[in-house]
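So you can see what is in the structure, the chains are spelled out below.
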Amino acid sequence: MAVTGGEASWSRLMEGNGRFLSGAARASRESLSNIPTLLKAQAPHAAVIACSDSRVSPEIIFDAALGEIFTIRTAGQVLDRAALGSLEYAVAHLKVELVVVLGHTNCGMLAATRAPRGLETNLKWMADGIAKCLEADGSAAEDAAANVGHIAGQCKTLAQSLGFSTPVVGAIYELSSGAVGLL
Ligand SMILES: [Zn+2]
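Here the structure is a predicted model, which means the values were calculated and not measured.

## Describing the pairing of strand S1 (residues 46-50)
Right, on to step 1. With respect to burial, S1 is a largely interior element, five of its five residues being buried.
Right, on to step 2. With burial as the criterion, each face of S1 is covered, one bearing Ala46, Val48 and Ala50 and the other bearing Ala47 and Ile49.
Right, on to step 3. Direction of pairing for S1 relative to strand S2 (residues 69-73): parallel, over a ladder of five bridges. What sits directly across from Ala47, in S2, is Phe70.

## Some words on the nonpolar core
Right, on to step 1. Counting residues in hydrophobic clusters, the biggest one holds 47 residues, and the most contacted among them are Ala47, Ile49, Val100, Val101 and Cys155.
Right, on to step 2. Here this core takes seven residues from helix H7 (residues 140-161), the largest share from any one element.
Right, on to step 3. Contact partners of Val100, with chain neighbours within four places excluded, come to Leu13, Ala46, Val48, Ile49, Val169 and Ala171.

## Quick word on helix H6 (residues 121-131)
Right, on to step 1. By the burial criterion, the buried members of H6 are Met126, Ala127 and Ile130. What you see down the axis of H6 is that its buried residues fit within an arc of 95 degrees, all on one side. What points out from H6, more than 90 degrees from its buried face, is the exposed set Thr121, Trp125 and Asp128.
Right, on to step 2. On the buried face of H6, the contacting elements are helix H5 (108-114) and H7.

## A short note on the pairing of strand S4 (residues 168-173)
Each regular strand shows side chains that alternate between the opposite faces of the sheet.
Right, on to step 1. Most of S4 is tucked away, with six of its six residues classed as buried.
Right, on to step 2. Residues Val168, Gly170 and Ile172 of S4 are buried on one face, and the alternating residues Val169, Ala171 and Tyr173, pointing to the opposite face, are buried as well.
Right, on to step 3. Both strand S3 (residues 98-104) and S4 contribute to a ladder of six bridges, which runs parallel. Paired with Leu102 across the strands is Ala171, a residue of S4.
Right, on to step 4. In this sheet, strand S5 (residues 180-182) lies alongside S4 in antiparallel orientation, the contact comprising three bridges. Bridging across to S5, Tyr173 finds its partner in Val180.
Right, on to step 5. Between the antiparallel neighbours S4 and S5 lie six residues, among them Gly178 with a positive phi of about 90 degrees.

Rules behind the numbers
Residues numbered from 1 in each chain as written. Predicted model: local features only at pLDDT ≥ 70, side-chain atom pairs only at ≥ 80, totals over all residues. Buried ≥ 20, exposed ≤ 12 C-beta atoms within 10 Å, placed from the backbone. Helix = DSSP H or I, 4+ residues; strand = E, 2+ residues; numbered from the N terminus. Pairing = 2+ DSSP bridges. Core = buried A, V, L, I, M, F, W, Y, C linked by C-beta atoms within 7 Å. Contact = placed C-beta atoms within 7 Å. Arc of directions from axis to C-beta.

Below you can see the structure in the form of structure tokens.
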């Protein structure tokens, strides 16, 4: 998946991931000085749809200060109506330059989708939704890519239905290294 449109936004995210990886993160310092400006309005450059997994915090991974990215997080990045409504707000009202669907390695929600026995009601609903986009014999990496691709498709459809051509990209966060890569 290449970045077509939204290149500047993607570059900012990748530069932030570079700072995170090199131990040169600066977001918390910048956030403090941004507080007075942000009191008036927010203008995030990207919407990031990520997993709720505590090891996958987009603001930390992308070294993004307050006001820079609009995040929507659910386990497995599953989009229910509340998540889609939040994305509508980001696209139609905040007019973000880019939507990023961020999957990750070792996703517990994807593992649960492969072994759904004993899942509670709402988790079962999420797993059933994810299962529909997975190949029968997909590997964990293939499952992560398929799920991100499916959700990216949902995001594109939503943006188009609102009359926007906001670019959407899929990416994977590597838990083992801290690096983000485009799918
Ligand atoms: Zn996950």
